[in-house]
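# Structure assessment
The lines below spell out each chain.
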Amino acid sequence: MSETNSAAEVAAPHRYTAAMAADIEARWQDFWDAEGTYEAPNPTGDLADGSGLAAKPKRFIMDMFPYPSGAGLHVGHPLGYIATDVYARHQRMTGHNVLHTLGFDAFGLPAEQYAVQTGTHPRASTEANMENMKVQLRRLGLGHDKRRSFATIDAEYYKWTQWIFLQIFNSWYDTEADKARPIADLVAQFESGERPVPGGGEWGALSAADRADILGQYRLAYASDAPVNWAPGLGTVLANEEVTADGRSERGNFPVFKAKLRQWNMRITAYADRLLNDLDGLDWPEAIKLQQRNWIGRSEGARVDFPVDGAGDITVFTTRQDTLFGATYMVLAPEHELVERIIPAAWPEGTHPVWTGGHANPAEAVTAYRKQAAAKSDVERQAEAKDKTGVFTGAYATNPVSGEKVPVFIADYVLMGYGTGAIMAVPAHDARDFAFARAFELPMRCVVEPSDDRGLDTSTWEDAFASYEAKLVNSANDEVSLDGLGVVDAKARITEWLQAHGVGEGTVNFRLRDWLFSRQRYWGEPFPIVYDEEGIAHALPESMLPLELPEVEDYSPRTFDPEDADTQPETPLSRNADWVNVTLDLGDGSGPRNYRRETNTMPNWAGSCWYELRYLDPHNDQRLVDPAIEQYWMGPREGQPTGGVDLYVGGAEHAVLHLLYARFWSKVLHDLGHISSAEPFHKLYNQGMIQAFVYRDSRGIAVPAVEVEERDGAYYHAGEKVSRVLGKMGKSLKNAVTPDEICGEYGADTLRLYEMAMGPLDVSRPWDTRAVVGQYRLLQRLWRNVVDEETGEVTVVDTEPGEDTLRALHKAIDGVGQDMAGMRFNTAIAKITELNNHLTKAGGPLSRSVAERLVLLTAPLAPHVAEELWRRLGHTESVVHQDFPVADPAYVVDETVTCVVQIKGKVKARLEISPSITDEELEALALADGNVVAALGGAGIRKVIVRAPKLVNIVPA
Ligand code: ANZ
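Since this is a predicted model, take the numbers as computed values, not measurements.

What follows covers the site of the ligand. Around the ligand there are 18 residues in total, and Ser-299, Thr-318, Leu-415, Tyr-418 and Arg-511 lie nearest to it. At 3.0 Å, a backbone N or O of Thr-319 approaches an oxygen atom of the ligand. Between the ligand and Leu-415 there is a distance of 2.7 Å, counted from a nitrogen atom to a backbone nitrogen or oxygen. Against a free-state accessible area of 650 Å², the protein chains account for coverage of 86% of the ligand. Elements supplying a minimum of two residues to the shell around the ligand: β9 (312-318) and β13 (422-425). Its residues assigned to classes, the shell around the ligand shows eight nonpolar, six polar and four charged.

As paired elements, strand β30 (residues 897-903) and strand β33 (residues 951-956) share four bridges and run parallel to each other. Within the sheet, the bridge partner assigned to Val-900 lies in β33 and is Leu-951. In terms of strand pairing, strand β32 (residues 941-947) meets β33 through six bridges, oriented antiparallel. Within the sheet, the bridge partner assigned to Val-944 lies in β33 and is Ile-954. Counted between consecutive antiparallel strands, the loop separating β32 from β33 contains three residues.

Moving on to the packing of aromatic side chains. Scanning the model with the defined rule gives 49 aromatic pairs in all. Between the aromatic rings of Tyr-173 and Tyr-271, the centroid separation amounts to 4.8 Å while the plane-to-plane angle is 75 degrees, which identifies the pairing as edge-to-face. You can see Tyr-173 sitting in strand β3 (residues 171-174) and its partner Tyr-271 sitting in the loop between β7 (257-266) and α10 (272-277), a full 98 residues away along the chain. Consider the rings of Trp-515 and Trp-665, whose centres lie 6.5 Å apart with planes at 45 degrees: the pair is tilted. Taken as a pair, Trp-515 in strand β17 (residues 515-516) and Trp-665 in helix α21 (residues 657-671) lie far apart in primary sequence, 150 residues in all. Since its relative accessible area comes to 3%, Trp-515 is described here as buried. What makes Trp-665 buried here is its relative accessible area of 0%. Here the aromatic cluster, defined as three or more aromatic residues joined through ring pairs, consists of Phe-165, Phe-169, Trp-264, Trp-515, Phe-517, Phe-527, Trp-605, Tyr-661 and Trp-665. A cation sits over an aromatic face here: Arg-511 above Tyr-418, 4.3 Å from the ring centre. Sitting over the ring of Tyr-716, Arg-711 keeps its end group 4.1 Å from the ring centre.

What follows is about the UniProt feature "binding site: ATP" (unreviewed entry) in the protein. Residues given the UniProt feature "binding site: ATP" (unreviewed entry) here are Lys-731. Within the element layout of this structure, Lys-731 appears in the loop between β28 (720-727) and α22 (739-745). The class for Lys-731 is exposed, based on a relative accessible area of 63%. Residue contacts for Lys-731: discarding those within four places in its chain leaves Ala-71 and Ala-736.

This paragraph deals with the sheet that holds strand β19 (residues 537-539). The strands that make up a sheet are held in pairs by hydrogen bonds between backbone atoms, and each pair lies either parallel or antiparallel. Taken in spatial order, the four strands line up as β19-β18-β21-β20 in an open sheet, and their pairing is antiparallel. What marks the edges here is a single partner per strand, and that holds for β19 and β20 (581-585). For this sheet the average axis-to-axis angle between neighbouring strands, irrespective of direction, equals 50 degrees. Here two bridges tie strand β18 (residues 529-531) to strand β21 (residues 592-597), and the two strands are oriented antiparallel to one another. Each residue of the ladder has a partner; that of Tyr-531, found in β21, is Arg-596.

The rules behind the values
Residues numbered from 1 in each chain as written. Predicted model: local features only at pLDDT ≥ 70, side-chain atom pairs only at ≥ 80, totals over all residues. Heavy atoms only, no water. Near = heavy atom within 4 Å. Polar contact = N/O pair within 3.5 Å; in protein donor to acceptor, adjacent residues only side chain to side chain. Areas by Shrake-Rupley, 256 points an atom, 1.4 Å probe, with all protein chains shown as cover. Helix = DSSP H or I, 4+ residues; strand = E, 2+ residues; numbered from the N terminus. Nonpolar A, V, L, I, M, F, W, Y, C, P; charged D, E, K, R; others polar. Pairing = 2+ DSSP bridges. Phe/Tyr/Trp six-rings, centres within 6.5 Å; stacked < 30°, edge-to-face > 60°. Buried < 20%, exposed > 50% of the residue type's maximum accessible area, 1.4 Å probe, protein only. Lys NZ or Arg CZ within 6 Å of the ring centre and 35° of its normal. UniProt positions renumbered as here; feature names shortened; annotations may be inferred. Contact = heavy atoms within 4.5 Å. Axes fitted to C-alpha atoms, helices over the stretch in contact; angles between N-to-C directions.

Dropping the structure here:
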């Protein structure tokens, strides 16, 4: 790097260089660690106890913690960490007690896969990765309270993850109280008869297994047989996204079967309404709130029963009960259990050949169609494909309002997992039904007519769907008429009628599903659950936590004959007979008994569901968090009705899963009285991504970005022309730049400044290594304004600065302070640069008071160089806890300019006015001026020419 070794530097041995930055940075990092500079005190007992905390508002500032990947960090990763650090430092300097730390989300699949391939224990590789990342992060000068850091794989941490699981397992949702309560309260209600026992009878008379079954229907964590994608050839269950359109595994191309498997679930659906409503009080990006709302998917509508002769009712869920008179057929999801019961032995007389799909009888048609549907994922089934497939069941149902017989189909556009898995189809007003009806030549009936004069074009039916500016037509029976009503009124009227006749009711449906919580993996938290000889699940008592993950020889899942659908997954933990089969006294009065441990592990979401709470009180071995400490850092307060972290920064990709799961756990813990906050994160901020150029050769293969040369706007690698596009940064695209490289070349302060200066924090931006030097030069100029590059002496003087400099200084203080509080770090840097340039141009030594404030302004962004200059300026206390400068408003207001007032071209007056004055204001001021009034001597005015802010010319009459 020529910059660091140039001849000029030999003559200037005290210039700010990369070597000097390295020295300064290492020195202050060691010092900060040794002094515990970033340690945030917890309140002890009464806040007014003399700790001084009562007078200091608190700020809990948090990042989404990283997974310790083997690849380490590239410069894109720390963008958010630097931003929260700058913000936290500014908050510290403006009188706040700031909690800022970072842990590791360390359970996860990559370590396990690496273990399978190499035989390295996942803990060993994970710990090595964490060590590496800690070194990388430390180098950035992040002001973390290191006493509060932990990894989710620490047994002292996952002890409490298991403890929370048991809290959830041991509770139920009381819909009357609208909150979770201990399951013991429910048992007491069953025992006393206050609540009837489902299925009747006396609670005491039921078998243990029956009682366990009933409680399982209430528990917030429960085991159930859930359909999963099972690939025997891989020995594992797959997510929908891992299964191809033709029903095979993406990895290895093995057949995938729908298998029912005993799985743990979290009853997050019990909280659907609260998860939705409490979004209103959160300071989150609207886009994320919207994604959560859509994910929860609240729909108001009705359930309506359509009787089928001799087979009971088909209950549908509809959001458009107003269109009931327009239902001309019905559709069941292919898997619907009613299908078997309604199909007749033969096709009814005169069945349309298109409806049968060419099959000899309904049973055959259904079997064939089900097979076809099972191979598609829900996502594909919901895709807006024009060609709808399906087959007639041979059965007819009766429309309860019209008495009309309508044919019942099965089709894959109706999903089993939503509503009731059955719909009434209204082809005139629903686009999917419309496409299906066209394909199967089914009738359409218009029941909602747009109320404007466009009319309805029944060849395309355009505008027929979801037109709320509309009136109902063709919708009356002997008892009820919707004709002439608007959609909203029609819905209310028909719902009332359905309810009165016992054939339906208004209902709310959610898209949200319960959370599938078990994985057939090794590297996760073991469930604190054992099964007795009857197969009944028991919670381990708290005294047996943590249940540590045992050492195993073999981390890989067992594989089977790929075609053998009857096999079941075998988890790595299940092969450890000594660990699995235990004799325990659970302290429940039944003495020592034989048990079998649960051998699934928790999903890697579990550890991140509550980590904010553990930062508060990381070494508490009696409780998950001390209530007074939780109340202090996260409790509800003015403007934060549900409490939570003051600022949470991370990627927008965590919009639904992590953020929804964490909210759910918070609410359960809140309901059970363990925490005062009902939300984990009050303010959420999504940082943009750092992108990088990807260079590809003629075969489309990425070439190392550092080896690419630019000539006349084209790019070359090893003499060959290559293409350039903006993409992700990463090892696989051969364009990763590491923070270590940049720190080595310029220092961490330069890297921090560059990342913050690249653009608004929430916008993605392309990395450009060549531009980094710009921020390095800023730091050099800043240094040079305080330190003599030849002698190393501080050059400041104890004189008062001039008016000009005071104005520049206070404007910068005002602007930088506001920008930092608003997380506009790029504009804060622009203002510091402007001030620094002003001072350079002004020449001569700086006033001490100016130099000190310049250093303080820079301290949150470039803490090492600021600390060094601060000390050189003679201070003995760290810059970290100094007060951020406060602007003097007298110097912030705009300066005045002199306006000349002329009469017939002769200067008669001079006005000191604001440069932003308007023409009107200036004209009024000029005409009111004493000298002007005197000079006019009562003459009338013909014309006034105003050129604000400099000139007014008056032409008398
Ligand atoms: C009749 C109707 C008429 C409908 C109309 C819509 C428009 P959201 O808003 O997403 O909740 N539906 C119900 N269950 C379904 C399932 N399991 N699979 C596929 N579709 C299903 O959607 C509710 C609407 O989606 C329901 O209202 C139903 O179609 C359909 F002019 O009923 B509707």
